[in-house]
Amino acid sequence: MRFDIVALLPGIVEAVASEGVVGRACTQGKVQVHCTNPRDFAEDPHHTVDDRPYGGGPGMVMQYEPLARAHGSVRKANPEARTIALTPQGIPFTQALAREAAKEKGLILIAGRYEGIDERFLNQQVDAEWSVGDYVLSGGELAAAVVIDTVARLLPGVLGCAESAGQDSFSEGLLDCPHYTRPEEIEGLRVPEVLLSGDHGKIARWRRREMLGRTYRRRPDLLDRTALSAEDRALLDEYLDSTSEETDRERDD
Ligand code: 9WO
């Protein structure tokens, strides 16, 4: 899958493409990440890409033409790609959206800067706007990096079997269970005995119960969208009977 990123600070995105899971996927040829700087498509001597907002107000706005020329250039190299602008005004980028995006031949990601992108570019050249959270970053590059990492992990062969197992919980709309590793005890804190039992059925049941309970306590909104089986309901009831809200809240504070 080819990702093209139109960004004024490509180094932020290139860092993601050269390290870890995405870096390995690029080395293996499973993923291609190409950055294009709209400043290279500004035709004035100063390579201007922004200007003052009509109507007044603080800051600068990214101009239509350098973005459109850069976009036109990457579309030639990634013709079947959808074009996504990363903005605080976008629809929430979720695991479900990432799964859909992983089916695409390619993605063109527009990472703006300054106070915004000329609305005419968003209306004319962009298929969708995505937000990675309800906050304003200094630019869209970090958001583009989040999208690339999340989508790349879902592509066939990018993650090993063991790694991809970890995808399951969120793909079901649940938070993950707690994880522990050696030593068995540290500062008087022990690993839950069930995880040392070797009873894989009990361990799976414990993990499922923790996933359901933590999701209920920390992200009830996710549970609202998840149909629970009778077994899940029973596990959730067990969790709620055996833990106090305060304990969970303390963990979250
Ligand atoms: C800047 C700003 C400052 C004060 C009040 C409102 C404001 N909005 C913006 C703004 O949207 N700036 C953007 C910078 C222009 C597009 C790229 N930038 C950006 C993208 N900031 N944050 C994001 C982003 C993208 C995806 N998900 C979350 C945030």
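For the structure given in this document, a descriptive report is provided here. Because the structure is a prediction, the values reported are computed rather than measured.

### Topic: the site of the ligand
Near the ligand you find 18 residues, and of these Gly 112, Tyr 114, Glu 115, Val 132 and Leu 137 are the closest. At 3.0 Å, a backbone N or O of Tyr 114 approaches a nitrogen atom of the ligand. Considered on its own, the ligand offers 590 Å² of accessible surface; in the complex 79% of this is hidden by protein. Where the shell around the ligand is concerned, the elements lending two or more residues are strand 5 (82-92) and strand 8 (128-131). With three residues, the top contributor of residues to the shell around the ligand is strand 5. Looking at the shell around the ligand residue by residue, the class counts come to nine nonpolar, seven polar and two charged.

### Side note on the side chain of Asp 4
Following the sequence through the fold, Asp 4 ends up in strand 1 (residues 2-7). Looking at Asp 4, its side chain comes within polar contact range of the side chain of Arg 2, at 2.6 Å. In terms of polar contacts, Asp 4 uses its side chain to reach the side chain of Asn 78, at 2.9 Å. If we ignore the near neighbours within four places in the chain, the residues touching Asp 4 are His 34, Val 74, Asn 78, Leu 107, Ile 108 and Leu 109.

The rules behind each value
- Residues numbered from 1 in each chain as written.
- Predicted model: local features only at pLDDT ≥ 70, side-chain atom pairs only at ≥ 80, totals over all residues.
- Heavy atoms only, no water.
- Near = heavy atom within 4 Å.
- Polar contact = N/O pair within 3.5 Å; in protein donor to acceptor, adjacent residues only side chain to side chain.
- Areas by Shrake-Rupley, 256 points an atom, 1.4 Å probe, with all protein chains shown as cover.
- Helix = DSSP H or I, 4+ residues; strand = E, 2+ residues; numbered from the N terminus.
- Nonpolar A, V, L, I, M, F, W, Y, C, P; charged D, E, K, R; others polar.
- Contact = heavy atoms within 4.5 Å.

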